[in-house]
Amino acid sequence: METQQSEKKYENINVEKSESLVGIVRLNRPIGMNALSSSLMKELLEALNELDADDEVRCIVVTGGDKIFSAGADIKEMSNIGTIDALKRGNLDYFDNIRKITKPIIAAINGYCLGGGLELAMACDILIGGENSKLGQPEINIGIMPGAGGTQRLTRAVGKYKAMDLILSGRLIGAKEAYDAGLLSRVVPDESVLIEAKRLASEISSKSPLAARVAKECVLKAFDTTLKDGLEFERRNFYLLLGSEDKEEGMKAFTEKRKASFKGR
Ligand code: CAA
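Residues numbered from 1 in each chain as written. Predicted model: local features only at pLDDT ≥ 70, side-chain atom pairs only at ≥ 80, totals over all residues. Heavy atoms only, no water.

**Overview of the packing of helix α10 (residues 209–221) against helix α11 (residues 227–242)**
Between α10 and α11, whose axes approach to 10 Å, the crossing angle comes to 175°. Here α11 runs roughly antiparallel to α10, going by the angle between their axes. In this structure, α10 uses Leu210, Ala211, Val214, Glu217, Cys218 and Lys221 to contact α11, whose residues at the interface are Phe233, Glu234, Asn237, Leu240 and Leu241. Within the contact of α10 with α11, the residues separate by chemical class into 7 nonpolar, 1 polar and 3 charged. (Axes fitted to C-alpha atoms, helices over the stretch in contact; angles between N-to-C directions. Helix = DSSP H or I, 4+ residues; strand = E, 2+ residues; numbered from the N terminus. Parallel < 35°, antiparallel > 145°, perpendicular 65-115°, else oblique. Contact = heavy atoms within 4.5 Å. Nonpolar A, V, L, I, M, F, W, Y, C, P; charged D, E, K, R; others polar.)

Dropping the structure here:
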């Protein structure tokens, strides 16, 4: 897949775009095991917002590279921050803002994916893990608890009893256990993680971006509403798509037995 580097220069991340309408953000802080410092999170959000607004991107991949996804919040930075400072800085707000990204985001996970790193992955939409990846919420080992969505998203993903086990023991789990628990969408050999994530992202990018956006919104809605309201939300959005050019094109292409070309209108 041909890729093109972003013109914008970041210190803690790299950003690329591929010809197949995929944006790739790579966390790049090897010294601290891709620990999520405030400056990394600020840059990550800036890049995600830019890719979200870019018509040449339809799906985003977030990766930490082939060795490690992220060891979580930057403990060295956090050790100097007290309650009031943390509140003022609002670092954890970055995680809420990831939820506002309208395009599908795939987390491509190799190696450790811990604490805030797992919370970052869980703020994405699809999680692809390498066979030897290790996931967990080990915050309890350093006297704190997950603070960027872990107690909520992990519980919704794997259920109360597994979430309690992981959050209260702080133990790390391997890819198979994470997949069996419903935390990983797919497990692939370590060396195939990014390839598989980019392949899936290209596949998603070939669909209607409008349908993908609305489908993502509806799935996310399931996390914060009742079934009755969620079904109503889904139905209205389904009707909305019936008025789109992409629906005309998709159904026309089906009857003409050709590949649809979606424009996102
Ligand atoms: N923050 C800052 N630095 C970190 C880090 C982190 N989260 N994780 C690792 N590092 C640093 C280490 O301090 C070490 O630096 P030095 O070489 O300068 O000593 C370097 O990365 C390598 O780490 P280790 O020597 O520990 O490597 P290892 O292979 O023996 O162990 C590890 C790897 C299991 C990931 C271990 O480093 C570890 O347990 N890290 C902490 C994981 C953690 O507790 N994450 C949760 C953070 S809190 C959080 O995320 C809160 C939240 O919900 C927002």
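**Re the sheet that holds strand β3 (residues 22–27)**
Strand pairs in the sheet, formed through backbone hydrogen bonds, run parallel or antiparallel to each other. Strand order in the open sheet formed by 7 strands is β1-β2-β3-β4-β5-β7-β10, and the pairing between neighbours is mixed. The outermost strands of the open sheet, each flanked by one partner alone, are β1 (3–5) and β10 (186–188). Within the sheet, the average angular offset between the axes of one strand and its neighbour, ignoring direction, is 25°. Two strands pair when backbone bridges link them, and strand β2 (residues 13–18) and β3 are joined in this way by 5 bridges, in the antiparallel orientation. Residue Glu16 lies in a different strand from β3, and its bridge partner there is Ile24. (Pairing = 2+ DSSP bridges.)

**Quick word on the pattern of salt bridges**
Scanning the model with the defined rule gives 20 salt bridges in all. Residue Asp54 is joined to Lys17 by a salt bridge in which the shortest nitrogen-to-oxygen separation is 2.7 Å. Linking Asp54 in the loop between α1 (38–53) and β4 (59–63) with Lys17 in strand β2, this pair joins segments that are 37 residues apart in sequence. Accessibility assignment for this pair places Asp54 and Lys17 in one class, buried. Here Arg199 ties to Glu203 by a salt bridge, and the two come within 3.3 Å at their closest N and O atoms. Note that Arg199 and Glu203 are positioned in helix α9 (residues 193–205) at a spacing of 4 residues, about one turn of the helix. The exposure class assigned to Arg199 is partly exposed, which follows from its relative accessible area of 40%. Classification of Glu203 as partly exposed rests on a relative accessible area of 34%. (Salt bridge = Lys/Arg side-chain N within 4 Å of Asp/Glu carboxyl O. Buried < 20%, exposed > 50% of the residue type's maximum accessible area, 1.4 Å probe, protein only.)

**Side note on the nonpolar core**
Of all hydrophobic cores here, the largest spans 44 residues; its most connected members are Ile60 and Leu183. In this view, Leu183 contacts Leu118, Met122, Leu127, Leu135, Leu154, Ala157, Val158, Ile173 and Ala178; residues no more than four positions away in its chain are not counted. Core analysis: the second largest hydrophobic core is formed by 13 residues, Cys59, Ala108, Ile128 and Ala201 among them. (Core = buried A, V, L, I, M, F, W, Y, C linked by side-chain atoms within 4.5 Å.)

**With respect to the site of the ligand**
Neighbouring residues of the ligand: 24 residues in total, closest Ala71, Ala73, Gly116, Glu119 and Glu139. The side chain of Glu139 places a nitrogen or oxygen atom 2.9 Å from an oxygen atom of the ligand. Taking Gly147, its main chain carries an N or O atom lying 3.1 Å from an oxygen atom of the ligand. For the ligand, whose unbound accessible area comes to 990 Å², protein coverage reaches 63%. Those elements giving two or more residues to the shell around the ligand turn out to be α2 (75–78), β6 (112–114) and α5 (116–123). No other element matches the 3 residues that α2 contributes to the shell around the ligand. Per-class residue counts for the shell around the ligand are 15 nonpolar, 5 polar and 4 charged. (Near = heavy atom within 4 Å. Polar contact = N/O pair within 3.5 Å; in protein donor to acceptor, adjacent residues only side chain to side chain. Areas by Shrake-Rupley, 256 points an atom, 1.4 Å probe, with all protein chains shown as cover.)

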